[in-house]
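Spelled out from the first residue to the last, the chains are:
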Amino acid sequence: MPISLRTQVGIVGAGPAGLVLSHLLHLQGIDSVVVENRSRQYVEERVRAGVLEQGTVDLLVEMGVGERMKREGLIHYGVELRFHGHSHRIDFKDLTGGKGITIYSQHEVVKDLTDARIAAGGQVLFEVEGVSVHDFEGAKPKIRYRKDGQAYELTCDFIGGCDGFHGVCRPSVPEGVLTEYERVYPFGWLGILAEAPPSSEELIYTYHDRGFALLSMRTEQISRLYLQCKPDEEVSLWPDEKIWQELHTRLAAEGWELTEGPILQKGVTRMSSFVAEPMQHGRLFLAGDSAHIVPPTGAKGLNLAVADSRILARALADFYATGRHDLLDGYSQTCLRRVWNVQRFSWLLHRFPDENPFDRRRQLAELDYVTSSRAASQSLAENYVGLAMEW
Ligand SMILES: Cc1cc2nc3c(=O)[nH]c(=O)nc-3n(C[C@H](O)[C@H](O)[C@H](O)COP(=O)(O)OP(=O)(O)OC[C@H]3O[C@@H](n4cnc5c(N)ncnc54)[C@H](O)[C@@H]3O)c2cc1C
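What counts, and where the lines are drawn
Residues numbered from 1 in each chain as written. Predicted model: local features only at pLDDT ≥ 70, side-chain atom pairs only at ≥ 80, totals over all residues. Heavy atoms only, no water. Phe/Tyr/Trp six-rings, centres within 6.5 Å; stacked < 30°, edge-to-face > 60°. Helix = DSSP H or I, 4+ residues; strand = E, 2+ residues; numbered from the N terminus. Buried < 20%, exposed > 50% of the residue type's maximum accessible area, 1.4 Å probe, protein only. Salt bridge = Lys/Arg side-chain N within 4 Å of Asp/Glu carboxyl O. Expected span 1.5 Å × (residues − 1). Arc of directions from axis to C-beta. Contact = heavy atoms within 4.5 Å. Polar contact = N/O pair within 3.5 Å; in protein donor to acceptor, adjacent residues only side chain to side chain. Axes fitted to C-alpha atoms, helices over the stretch in contact; angles between N-to-C directions. Parallel < 35°, antiparallel > 145°, perpendicular 65-115°, else oblique. Near = heavy atom within 4 Å. Areas by Shrake-Rupley, 256 points an atom, 1.4 Å probe, with all protein chains shown as cover.

*Asks:* So what's going on with the packing of aromatic side chains? Which residues, and what values?
*Replies:* Aromatic ring pairs are defined here through the distance separating the ring centres and the angle between the ring planes. Enumeration according to the criterion identifies 14 aromatic pairs in this entry. Summarising the aromatic geometry, the rings of Phe165 and Phe274 are spaced 5.1 Å apart at their centres and angled 75° between planes, so their arrangement reads as edge-to-face. Of the two residues, Phe165 is situated in the loop between strand E13 (158-161) and helix H7 (169-172) and Phe274 in strand E18 (residues 263-277); the sequence distance between them amounts to 109 residues. Seen in terms of ring centroids, Tyr205 and Tyr384 are 6.0 Å apart; in terms of plane orientation they differ by 85°. Their pairing is edge-to-face. Taken together, the residues span a long stretch of sequence, with Tyr205 in strand E15 (residues 204-207) and Tyr384 in helix H13 (residues 374-385) at a distance of 179 residues. The same class applies to Tyr205 as to Tyr384, namely buried.

*Asks:* Before we move on, could you go through the pattern of salt bridges and cite the residues and values that matter?
*Replies:* According to the stated counting rule, one finds 23 salt bridges in the structure shown. Taking the shortest distance from any N to any O, the salt bridge between Lys70 and Glu67 comes out at 3.6 Å. Pair noted here: Lys70 and Glu67 are both in helix H4 (residues 67-72), with a separation of 3 residues, about one helical turn. A relative accessible area of 51% means that Glu67 is categorised as exposed. Close ionic contact of Arg250 with Glu246 constitutes a salt bridge, the shortest N to O distance being 2.9 Å. With Arg250 and Glu246 both in helix H8 (residues 240-251) and 4 residues apart, the pair spans about one turn of that helix. The exposure class of Arg250 is buried, given its relative accessible area of 5%. Put simply, Arg68, Glu72, Glu108, Lys111 and Asp112 are held in one network by salt bridges that share partners.

*Asks:* Quick one: what's the story with helix H12 (residues 357-372), residue by residue and with numbers?
*Replies:* Taking 1.5 Å per residue, 16 residues should reach 22 Å; H12 reaches 22 Å between its end C-alpha atoms and fits that length. For H12, every residue scored as buried is listed here: Arg360, Gln363, Leu364, Leu367, Val370 and Thr371. The buried residues of H12 all sit within an arc of 120° when viewed along its axis, so they share a single face. Turned more than 90 degrees from where H12 packs its buried face, Phe358, Arg361 and Ser372 sit exposed. Elements that come into contact with the buried residues of H12 comprise strand E6 (78-83), strand E7 (86-91), E15 and H13. Sitting at the amino-terminal end of H12 is Asn356, which places a side-chain oxygen 3.0 Å from the backbone nitrogen of Phe358.

*Asks:* Account for the packing of H12 against H13, naming residues and giving values.
*Replies:* To describe two helices that pack against each other, one gives the angle between their axes and the distance between the axes. Contact geometry of H12 with H13 gives a least axis separation of 5 Å together with a crossing angle of 90°. What the angle tells us is that H12 and H13 run roughly perpendicular. Taken together, the residues of H13 that come into contact with H12 (itself represented by Tyr369, Val370, Thr371 and Ser372) are Arg374, Ala376, Ser377 and Leu380.

*Asks:* So what about the site of the ligand? Which residues, and what values?
*Replies:* In the region of the ligand, 28 residues are neighbours, and Glu36, Arg46, Arg48, Gln106 and Asp289 sit closest. Within the backbone of Asn37, one N or O atom sits 3.2 Å away from a nitrogen atom of the ligand. With respect to the ligand, the side chain of Arg48 contributes an N or O atom lying 2.9 Å from an oxygen atom. Burial of the ligand by the surrounding chains reaches 84%, relative to a free accessible area of 1,000 Å². Those elements that place two or more of their residues in the shell around the ligand are helix H1 (16-27) and helix H9 (301-322). Residue contributions to the shell around the ligand peak at 3 residues, all from H9.

Quick look at the structure:
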């Protein structure tokens, strides 16, 4: 027999979406339980995103989990776009009225959030097995799982489906309810983490005849670099020297040097976009990657997850305070406006296998426009630092 438990909001997944949701609810006096199928160590060491929008930074600070990020994060007020061997800086500070981005790894955000949840007596259950969600079309949804061999049934008022793209929540929605939109891109990213001081203070996005390249960083000692490659590229065909050589070629610019260092990690990521609509069914609400994924070009996945959870937490708090459910009813529509805008933004700079010389000229003209028109640069800067949370 399963042991019966009860909470107000049951949350599946202790990634950024689940942890932000749980902590925001706690700050509003609402109970939640988070169930996570991986170990705490695994979740806290999973290297993923690293660029935080201004709105994400502000929210983490407001939530009281921003101390370490403020100390250790690197604040950037611009990015470089590089093409034809020339660099063009997009000055965020000037173009957005003082906003910027913060470089601080996703797994550090996850550590800070987990520490805060546990310090506040929050329930984050790691290494649970066989998670399933039930009865969310009615008033008493349930999450079933096993922990240490014992079966549990957690009855709640609402379920937060924060279990990422491969989780169980989205596939549990009955067939025909969700419309899924997908685009698989005909390229991937070969990404490395290198023990090398970043060769630039700011990120460099490069459009090159041989394909896109990105110079990013995690800390003042660790660089993160990417090369556009085939979606099924074999990492074993890329010894370290070949990677550095290709990076040198694609990122080359006059008077600029790329610093090399030992490669700590390398891997190929496929590029795809996905959106499920609506992001709710009954009392099950999807947030973050469980509802949508974006290619990492715009560094938006983590920021979108945080934005969803903020909107959901506010809607739930309003429901518990007033009994009204108009914000909950509008959850999906509110989130999807931002999601589709970000899909639009996570663009450009890549070379497509089927493109012809016309496409290439048009793409270069677009880059020329973005870097020389103030209005176009401003639009890029506004999207990069992140649309206002009210968006
Ligand atoms: C390899 C990789 C690299 C990335 N790099 C970047 C990048 O450079 N820039 C960028 O902006 N974004 C990047 N992203 C995207 C970004 O990391 C995600 O958008 C972000 O993690 C979304 O947060 P989330 O909480 O919605 O989902 P997740 O972080 O995926 O969290 C979901 C959680 O649910 C748990 N879970 C899954 N299934 C179950 C289950 N059945 N039961 C219980 N728990 C479950 C998972 O273990 C996980 O902890 C990357 C993603 C990946 C996969």
